Amino acid sequence: MERVRTIWTHTYPYPHEHSRHAIIAVVVGCLFFISSDNIHTLIEKLDNNVKWWSMYACLLGFFYFFSSPFLGKTIKPSYSNFSRWYIAWIVVATLYHLPSFQSMGVDMRMNLSLFLTIYVSSILFLLVFHIIFIGLWYIGLVSRVAGRRPAILTVLQNCAVLSIACCVFYSHCGNLANLRDRSHQRKYSSWFSFWKKEERSTWLAKFLRMNELKDQVCSSWFAPVGSASDYPLLSKWVIYGELGCNGSGCAGSSDEISPLYSLWATFIGLYIANYVVERSTGWALTHPLSVEEYEKTKKKQMKPDFLDMVPWYSGTSADLFKTAFDLLVSVTVFVGRFDMRMMQAAMNRSQDGAQQDFFYDHFSDKEELWFDFMADTGDGGNSSYTVARLLAQPSIQVTRDDSVLSLPRGNLLLIGGDLAYPNPSSFTYERRFFCPFEYALQPPPWYKQDHIAVNKPELPDGVAELKQYDGPQCFLIPGNHDWFDGLHTFMRYICHKSWLGGWFMPQKKSYFALQLPKRWWVFGLDLALHNDIDVYQFKFFAELIQEKVGDNDSVLLVTHEPNWLLDWYWNDVSGKNVSHLICDYLKGRCKLRVAGDLHHYMRHSFVPSDGPVHVQHLLVNGCGGAFLHPTHVFSNFKKLYGTSYETKAAYPSLEDSSRIALGNILKFRKKNWQFDIIGGFIYFVLSFSMFPQCKLDHILQDNTFSGHLWSFFGTVWNVFMHVLEHSYVSMAGATLLLILAIAFVPTKVSRKKRAVIGILHVSSHLAAALILMLLLELGIETCIRHKLLATSGYHTLYEWYRYVESEHFPDPTGLRSRIEQWTFGLYPACIKYLMSAFDVPEVMAVSRSNICKNGMESLSRGGAIIYYASVFIYFWVFSTPVVSLVFGSYLYICINWLHMHFDEAFSSLRIANYKALTRFHINKDGDLEVFTLAVDKVPKEWKVDPHWEAEPKQPQQLSHHRKFPSKWSAAAAQQEPLNTVKIVDHFVVKTNR
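Here the residue index of a chain counts from 1 through its sequence in written order. Reporting in this predicted model follows two pLDDT cut-offs: at least 70 for local features of residues, and 80 or more for side-chain atom pairs to be given and counted; totals over whole chains, interfaces and linings ignore these cut-offs and use all residues. Note that water and hydrogens are dropped before the side-chain values are worked out from all heavy atoms of the structure.

As recorded in an unreviewed UniProt entry, the chain goes by the name Calcineurin-like phosphoesterase domain-containing protein, listed as coming from Salix udensis.

Structure below.
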């Protein structure tokens, strides 16, 4: 029975699709009624009131740019959904004050006041219903499924849709108990001669007669349900319809139930019926599925639960604040005071054969060896899984010089740090790092997620020693992000676990040395947060070189940060112990240095010369899953350890990298809409002291456009000087922002240039904020001058509604008075203050007029808070697109012209594409072949791989023995990584013979 209940229960406890369908129905209804009744008037009035239509265009443009990041997202309770309703609120609150809708015959005041009244009533009614329903569930009278509480935001959303539908009906059908005949007298503008009766085509005449169809719809489909006398029990609990007349006087009152009331009751009844059926019996009860059909449908709908790229510019992300706190603690506490690397060395000295925890030689007897390198994974799930899927395949087929190469999976996987972003925690390691790898190559059947490996290596049954294990193995070094918690999470998840998906992890410490075939070595160094190895780590590698590394051996040195590029970029010197190890101990045996940290691929190879060459090739590959970094910023790197180098490969190319940076201007806000919280608040503080601007006559009284423009920017300059000379809040905000802007400029620039760049940056923000402030003030002033705002007081809308309510909604039984008495006055009070809160422009204009007449002192503290809150509601919408545009332009200029902010300018774009791994091959001759494989486009949609699903699976079979080891494949074949992978770099490192 439990299985049947599972099948019949809808997969969503409270489906949002109903709201989506209702919204579509309401929009279609609006278009139908407006087209039938008002389209001719719209065209007739298009040539009038140009300035108002200009104001419409300006407002709607700002509102569009504010809401553009949320277009196309699902309608569900979230920040994006909140933004939609927020925009709808302030747009309607603005438009209903402008005159153009009145010229089209649409009374926005009635619609708004009616909407708010129905909205409040619907919420209260549904809240009572939900409380009763949960009570019935609590005492056991309804199914257990009913115990799931409804999402409050979804209830509010449904109430809004219901209220809009009722308002649309009222706008075009009214509240008439007896519909009167309507004559349709049309006046056609001489501007549009095709509207004349004698020139209309047949289809056009039918189109204009759609209002007749509309009347039939109103009278037939939405006619009153009957007289109140037919329902004596309800006669005191209903709203009555308005009596319609045909030109002669009307006597008496209507006894008909309001069609608007019946429509509202119908919607509420449908909501309740739908909710009860879903929660009590399951939505699928009317179409029950068999177990087999249910399982098949479930598999088709299955998708991986990958996380999105980390929002580095989010103003609301708790993870980012935790990252900053962890970094502060790690730098002040762990680096130089408590170093986990010293603890590891101290623990080993007390054991016999201490080197065995750092040194591994089980690969050394092989004839040849394939192994892989990747770094900086654990960001977006799509990008991390793309690389992991390539690493997991038994072989990868790639084309090179008109031939197809088969590159087998590496027996060894090296990961160069930064395993999860933005900080190391159980959540980020499990969801951003382990999850994609486990999907790509599943762990063994006996694997337990919470298992702690006490005595590593914990080999599978039947394997006596590490040399006998034939599956892929993984060794990792920590990066700077892994050190933010003092290496605690890395030690727990890497050094005390045995499996990363299907890769076996014999590693015990955070650094290691691997002896490979043909006299090749891999040194994995742990640089911690100060970009160097500690003395105990140096001692281990120095002794290993002296005791085991031969004169003709070759070493591949793996670090997290490529200090050869970063030192050149920052004009700094770091990693002195690493340099000492390479130059004075390895003495030319370091053939290749490999690192991550920079999320791109670049290879610099030495230029042959007479001097000593300490390192032949410098390779950076941080394309393991994190956001993309630019390559063009590092194109001028030339020297390391006295040896000249040249750029041999870059991915993406230098030209593409520079072109991608342009996205900061066009896409910054779309990629970082969470930045709204910070950006909008900053601009409001910058302009806070300048509200209100009471003397704007000189701008509005100019007769020419150039005069308006000159006066406008002259006023902006005067306001700018006023901020510098007289304001407190705005000046304090600008000063603090200037300090942060100068500190934000990279330290590689001189102090003088940092100050100049910071001043220009802050000045552009301050100028933009003041221009927006002045535009908002001009809009308010224009509406006040035309008596569209500040005409009567804070409660204008409510007072007007109470005046017309008795006329259009008769209440002969005194229902409203009884409700007011029973609620102790809350019924009218809630609607009154809700209407005032909704009508933000009126509140803002009334407060502004009082300030301009009597000064700021005339407002109480509460009144001042209300005024600035109403200003912020609109100013935030205007400012958030602009602050993102200005800041994005700053990043673009810095990255492409000044070659600064390479991290900040590309982390903002959150680019998941351009992913790569490097595959090495030690061949039988001892040479090291290096292939870098890349995927330009990362898939965003995945499906269960049919080959993986169809392949027989043995109970104890290890996943690396499968032909198709990865669970997910790209939903679109043209985006499948196995089909789009290509070689972007290939070279050979000759061994010492």
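Structure shown, so let's carry the discussion forward.
Student: Honestly, the overall build of the chain in this entry has me stumped. Any pointers?
Tutor: The way it works is that DSSP assigns letters per residue, a run of H or I at least four long becomes a helix, a run of E at least two long becomes a strand, and they are numbered from the N terminus. Counting secondary structure elements, the chain contains 35 helices and 21 strands. When the accessible area of the chain is evaluated, it comes to approximately 45,800 Å², of which 59% is carbon and sulfur surface. Throughout, the Shrake-Rupley method with a 1.4 Å probe supplies accessible areas, and for residues the shown protein chains are the sole cover considered.

Student: Where do I start with the pairing of strand β6 (residues 473–476) in this structure?
Tutor: Consecutive residues of a regular strand have side chains that alternate between opposite faces of the sheet. Of the two faces of β6, the one carrying Gln473 and Phe475 and the one carrying Cys474 and Leu476 are both buried. The pairing criterion for strands is at least two bridges between them, as found by DSSP. When strand β5 (residues 412–415) meets β6, the two strands line up parallel, connected through four bridges. The partner of Leu412 across the bridge, within β6, is Gln473. Each residue is placed in one exposure class: buried if its accessible area under a 1.4 Å probe, protein chains only, is under 20% of its type's maximum, exposed if it is over 50%, and partly exposed if it falls in between.

Student: Help me understand helix α23 (residues 676–687) in this model?
Tutor: Since the α-helix packs 3.6 residues into each turn, any two residues three or four apart lie on the same face. By this rule the span expected of a helix is its residue count minus one, scaled by 1.5 Å. Its twelve residues give α23 an end-to-end C-alpha distance of 16 Å, which sits within 8% of 16 Å, the value for a rise of 1.5 Å per residue. Three or more residues of α23 are buried, namely Asp676, Gly679, Gly680, Tyr683, Phe684, Val685, Leu686 and Ser687.

Student: Got a minute to help me understand the packing of helix α28 (residues 796–808) against helix α30 (residues 826–838) in this structure?
Tutor: Relative placement of two packed helices is described by the angle separating their axes and the distance separating the axes. The axes are straight lines fitted to the C-alpha atoms, using for helices just the contacting stretch, and the angles between their N-to-C directions are given from 0 to 180°. Here α28 crosses α30 at 130°, and the two axes come no closer than 8 Å. By the angle class used here, α28 and α30 are oblique. The residues of α30 that touch α28, namely those facing Leu797, Tyr798, Tyr801, Arg802 and Glu805, are Tyr827, Pro828, Ile831, Lys832 and Met835. Residues are sorted three ways: Asp, Glu, Lys and Arg are charged, Ala, Val, Leu, Ile, Met, Phe, Trp, Tyr, Cys and Pro are nonpolar, and all the rest, Gly among them, are polar. A breakdown of the residues in the contact of α28 with α30 according to their chemical character gives seven nonpolar, no polar and three charged. Should an angle fall under 35 degrees it is called roughly parallel, over 145 degrees roughly antiparallel, and 65 to 115 degrees roughly perpendicular, with every other angle called oblique. In what follows, a contact means two residues having at least one pair of non-hydrogen atoms within 4.5 Å.

Student: Looking at this model, I keep getting lost on the confidence of the model for the chain. Mind explaining?
Tutor: Reading fine detail from the predicted coordinates is not recommended where pLDDT is low. Confidence scores labelled pLDDT are given residue by residue by the predictor and lie between 0 and 100. A residue-level look at the chain finds 75% of positions with pLDDT of 70 or above and a mean pLDDT of 80. This stretch, residues 282–290, has a pLDDT under 50; its non-local contacts, to residues over four places away or in other chains, come to 15 contacts.

Student: Explain helix α16 (residues 426–440) to me, please; I cannot follow it from the model alone.
Tutor: Compared with the 21 Å implied by 1.5 Å per residue over 15 residues, the 20 Å span of α16 between its first and last C-alpha is a close match. Here the bend at a residue is taken as the angle between two axes, fitted respectively to the seven residues that end there and the seven that start there. At Phe434, α16 shows its largest bend, some 45°, and a proline, Pro436, comes one to four positions later. Those residues of α16 that sit buried are Thr428, Tyr429, Arg432, Phe433, Phe434, Cys435, Pro436, Phe437, Tyr439 and Ala440.

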